[in-house]
Amino acid sequence: MQFRLGNYLFCPSWLGVILLMICIPLFIKLGLWQYNKAELRKQIQSSYTASQDSDALVLPNNLSDPDAWKYKKVKVKGQYETKYQILLDNQVENNIAGFHVITPLKLDGTHQYVLINRGWVAGGNHHTETPNIVTPNQMQEIIGSVWVPSKKIFTLESDSEKNRWSTVWQHMDMDRYQKNVPLQVLPLLIKLDPKSNAGGFVRNWQLPASKIATNMGYAYQWFGFTIASILIFLFTSIKKANNTKT
């Protein structure tokens, strides 16, 4: 396969053509994937910022669409129930391993509960040691941001481990929690506001939107690979023609 372009010959190899046809769509797809992730996180950031600047909404008892409440600032009133409190493992704060404390709150005037992430506490000297959690027993007004746990969870735990009650959890599996406790639990959590005094601990909450720049960087990187692949293909395929006189 050879084409003459003035004093140059365009003679790409079949291998080069095949590699280009594979790499270009792949790199563009990966670039668009990262770009779309960045745009989604921008929307999350905008939604979160707008909700934090407004008054807290009253969380309704009946939630037909929990996802519609993601990152919204809400308020509820009730009492903590520590019997089914859990600790989320592998939470790091300032390079110190610890736990997030998840405590059910019985909503005032109802039989329903909502889980409250009260923040981070340090672990013990040994991984098997769990911290002593102090919990206020009087009525609390909770103000915080809604978090809907992902249903896509990767875990090495067996089915028997999942069905057995444990205080320490590796992931916040809402379906598993609702099946393992005799409580009517709403399908979301509330991350306690850092300014709240309702029995909270360290609360340096991180939004998924904090990685917008990283996603954009990866997107530009993949698009750069696309351009580089084309340039390399052209550089290796174009040669100067040998003009011979007779």
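What you see is a predicted model, and the numbers here were worked out from it, not measured in a lab.

What counts, and at which threshold
Residues numbered from 1 in each chain as written. Predicted model: local features only at pLDDT ≥ 70, side-chain atom pairs only at ≥ 80, totals over all residues. Heavy atoms only, no water. Axes fitted to C-alpha atoms, helices over the stretch in contact; angles between N-to-C directions. Helix = DSSP H or I, 4+ residues; strand = E, 2+ residues; numbered from the N terminus. Parallel < 35°, antiparallel > 145°, perpendicular 65-115°, else oblique. Left-handed = near helix turned anticlockwise from the far one by under 90°. Nonpolar A, V, L, I, M, F, W, Y, C, P; charged D, E, K, R; others polar. Salt bridge = Lys/Arg side-chain N within 4 Å of Asp/Glu carboxyl O. Buried < 20%, exposed > 50% of the residue type's maximum accessible area, 1.4 Å probe, protein only. Expected span 1.5 Å × (residues − 1). Contact = heavy atoms within 4.5 Å. Phe/Tyr/Trp six-rings, centres within 6.5 Å; stacked < 30°, edge-to-face > 60°.

Student: Looking at this structure, I do not really get the packing of helix H1 (residues 14-52) against helix H4 (residues 212-237). What am I missing?
Tutor: When two helices pack together, their arrangement is given by the angle between the helix axes and by the axis-to-axis distance. At their nearest, the axes of H1 and H4 sit 8 Å apart, and the two run at 160° to each other. What the angle tells us is that H1 and H4 run roughly antiparallel. Along this stretch, H1 crosses H4, giving a crossing that reads as left-handed. Its residues placed into classes, the contact of H1 with H4 shows 19 nonpolar, seven polar and three charged.

Student: What exactly am I supposed to notice about the pattern of salt bridges here?
Tutor: It is possible for side chains of opposite charge to pair when their charged atoms get near one another. With the rule as written, the count across this model stands at one salt bridge. Taking the shortest distance from any N to any O, the salt bridge between Glu-39 and Lys-42 comes out at 3.3 Å. Highlighted residues: Glu-39 and Lys-42, both in helix H1, separated by three residues, approximately one helical turn. Since its relative accessible area comes to 25%, Glu-39 is described here as partly exposed.

Student: I tried to follow H4 on my own but got confused; where do I start?
Tutor: One turn of an α-helix holds 3.6 residues; hence residues three or four places apart share an orientation. Spanning 26 residues, H4 covers 38 Å between terminal C-alpha atoms, matching the ideal 38 Å at 1.5 Å per step. When H4 is considered as a whole, its buried residues turn out to be Ile-212, Asn-215, Met-216, Ala-219, Thr-226, Ser-229, Phe-233 and Ser-237. The inward-facing, buried residues of H4 contact strand S2 (8-10), H1 and strand S11 (238-240).

Student: Which parts of the structure should I look at to understand the packing of aromatic side chains?
Tutor: Aromatic ring pairs are described here by two measures, namely the spacing of the ring centres and the angle between the planes. A full pass over the atoms with the stated rule returns five aromatic pairs. A ring pair is formed by Phe-10 and Phe-233, whose centres lie 6.2 Å apart and whose planes are at 80°; its orientation type is edge-to-face. Here Phe-10 is found in strand S2, whereas its partner Phe-233 is found in helix H4, with 223 residues between them in sequence. Relative to Tyr-177, the ring of Trp-169 has its centre 5.8 Å away and its plane inclined at 55°; by these criteria the two rings are tilted.

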